[in-house]
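Single-letter residue listing:
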Amino acid sequence: MSEKLKADESAAATELGYIFTFLLGVMLLSMFSLWAFGIENSTRENWNGAAIKDNADRIASAIERADSASRNINNASYAEPVHLTDFDAAGDTITLLLLERELIVDDSTNMHSLTIQLSGAGNSSHSGEINLNGIDVIWVIHENGQTYITTKHPSW
């Protein structure tokens with residue numbers, strides 16, 4: 001029995017087809033991963049922007065209510081907690097600053113910075129600065145002719 005080797009190249013072509021199919025699959029999965037990562041980042045940034053804006057609007061409304069109490073009641077003391085909507089501030093420094101006629105959200109990346117105008121129609125001056133990282137509740141307090149924001153529950 002003697003056998004002769006044949007020059008068969010069809011198996012090599014099949015192997016090359018398998019290799020190119022595998023590489024095409026890897027490329028498509030990589031592109032899908034990048035696409036999904038981009039969607040996830042975009043969604044998180046949109047959510048963060050909406051949550052920070054909602055938090056600032058609710059704090060500004062509480063400040064306006066404190067000003068209203070100071071106008072309508074002599075020697076009024078007013079305290080209102082504002083529970084913050086969660087947001088992701090991974091590594092960012094987000095500061096809330098209360099001035100006489102403005103509530104400013106200052107973001108270290110300038111991605112979510114905003115300014116909300118206040119009426120300033122109360123019988124008090126405004127002050128306060130809070131770093132929002134890790135904060136769940138902000139107190140808006142009016143006492144002794146001063147309206148301020150703090151993370152501490154009022155002592156009275």
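Computed from a predicted model, the values in this text were never measured in an experiment.

Asker: Honestly, the overall build of the chain in this entry has me stumped. Any pointers?
Answerer: Along its length, the chain carries one helix and eight strands. Along the chain direction, N to C, the helices and strands of the chain fall in the order α-β-β-β-β-β-β-β-β. Considering only C-alpha atoms, the chain reaches an extent of 115 × 25 × 20 Å along its principal axes. The buried share among the 156 residues of the chain stands at 31%. Counting only contacts in the chain whose residues sit at least 6 apart along the sequence, the fraction spanning at least 24 positions is 56%.

Asker: How should the sheet that holds strand E5 (residues 125-127) be read in this particular structure?
Answerer: Picture the strands of a sheet paired through backbone hydrogen bonds; they go either parallel or antiparallel. The strand order E1-E7-E8-E5 describes an open sheet built from four strands, whose pairing is mixed. The sheet is open, and its two edges are formed by strand E1 (78-83) and E5, each paired on a single side. For this sheet the average axis-to-axis angle between neighbouring strands, irrespective of direction, equals 15°. Alignment of E1 against strand E7 (residues 137-143), held across six bridges, turns out to be antiparallel. Each residue of the ladder has a partner; that of Glu80, found in E7, is Val140.

Asker: Got a minute to help me understand the pattern of salt bridges in this structure?
Answerer: Counted by the stated rule, this structure contains five salt bridges. Note that Asp88 and Arg44 form a salt bridge whose closest N and O atoms lie 3.4 Å from each other. Taken together, the positions of Asp88 in the loop between E1 and strand E2 (94-98) and Arg44 in helix H1 (residues 10-72) put the pair 44 residues apart, joining distant regions of the chain. What makes Arg44 partly exposed here is its relative accessible area of 27%. Here Asp54 and Arg58 are joined by a salt bridge, their closest N and O atoms 3.1 Å apart. In this pair, Asp54 and Arg58 are both assigned in helix H1, four residues apart and thus about one turn of the helix distant. Judged by relative accessible area, Asp54 falls into the partly exposed class, the value being 32%. Connected via shared salt-bridge partners are Glu40, Arg44 and Asp88.

Asker: I'm lost on the sheet that holds strand E6 (residues 129-131) in this one. Help?
Answerer: In spatial order, the strands read E4-E3-E2-E6; together these four strands make up an open sheet with antiparallel pairing. The open sheet terminates on both sides in strands that have one partner only, identified here as strand E4 (114-117) and E6. Strand-to-strand twist across the sheet, computed as the mean angle between neighbouring axes with direction ignored, equals 10°. Pairing geometry for strand E3 (residues 102-107) and E4, over four bridges, is antiparallel. Within E4, the residue paired with Leu103 across the bridge is Ile116. The sheet strands contacting H1 are E2, E3 and E4, and the helix crosses E3 at an angle near 155°.

Asker: Would you mind showing me how to read the pairing of E2 here?
Answerer: One face of the sheet, then the other: side chains in a regular strand alternate in exactly this way. Extensive coverage of E2 is indicated by the burial of four of its five residues. Connecting E2 to the next strand, E3, in antiparallel fashion are three residues.

Asker: I keep staring at the nonpolar core and nothing clicks. Help me out?
Answerer: Where a protein is soluble and globular, its nonpolar side chains tend to be buried together. Counting residues in hydrophobic clusters, the biggest one holds 26 residues, and the most contacted among them are Ile59, Leu103 and Ile149. Of all the secondary structure elements, the ones that give two or more residues to this core are H1, E1, E2, E3, E4 and E7. What Leu103 contacts, discounting residues up to four positions off in sequence, is Ala56, Ile59, Ala60, Ile63, Leu96, Leu97, Leu98, Leu114, Thr115, Ile116 and Leu118.

Asker: Just checking my understanding: could you explain the side chain of Asn48 for this structure?
Answerer: As for its position among the elements, Asn48 is in helix H1. With a relative accessible area of 2%, Asn48 lands in the buried category. Filtering out sequence-adjacent residues up to four positions away, Asn48 remains in contact with Phe87, Asp88 and His112.

Cut-offs applied
Residues numbered from 1 in each chain as written. Predicted model: local features only at pLDDT ≥ 70, side-chain atom pairs only at ≥ 80, totals over all residues. Heavy atoms only, no water. Helix = DSSP H or I, 4+ residues; strand = E, 2+ residues; numbered from the N terminus. Buried < 20%, exposed > 50% of the residue type's maximum accessible area, 1.4 Å probe, protein only. Contact = heavy atoms within 4.5 Å. Pairing = 2+ DSSP bridges. Axes fitted to C-alpha atoms, helices over the stretch in contact; angles between N-to-C directions. Salt bridge = Lys/Arg side-chain N within 4 Å of Asp/Glu carboxyl O. Core = buried A, V, L, I, M, F, W, Y, C linked by side-chain atoms within 4.5 Å.

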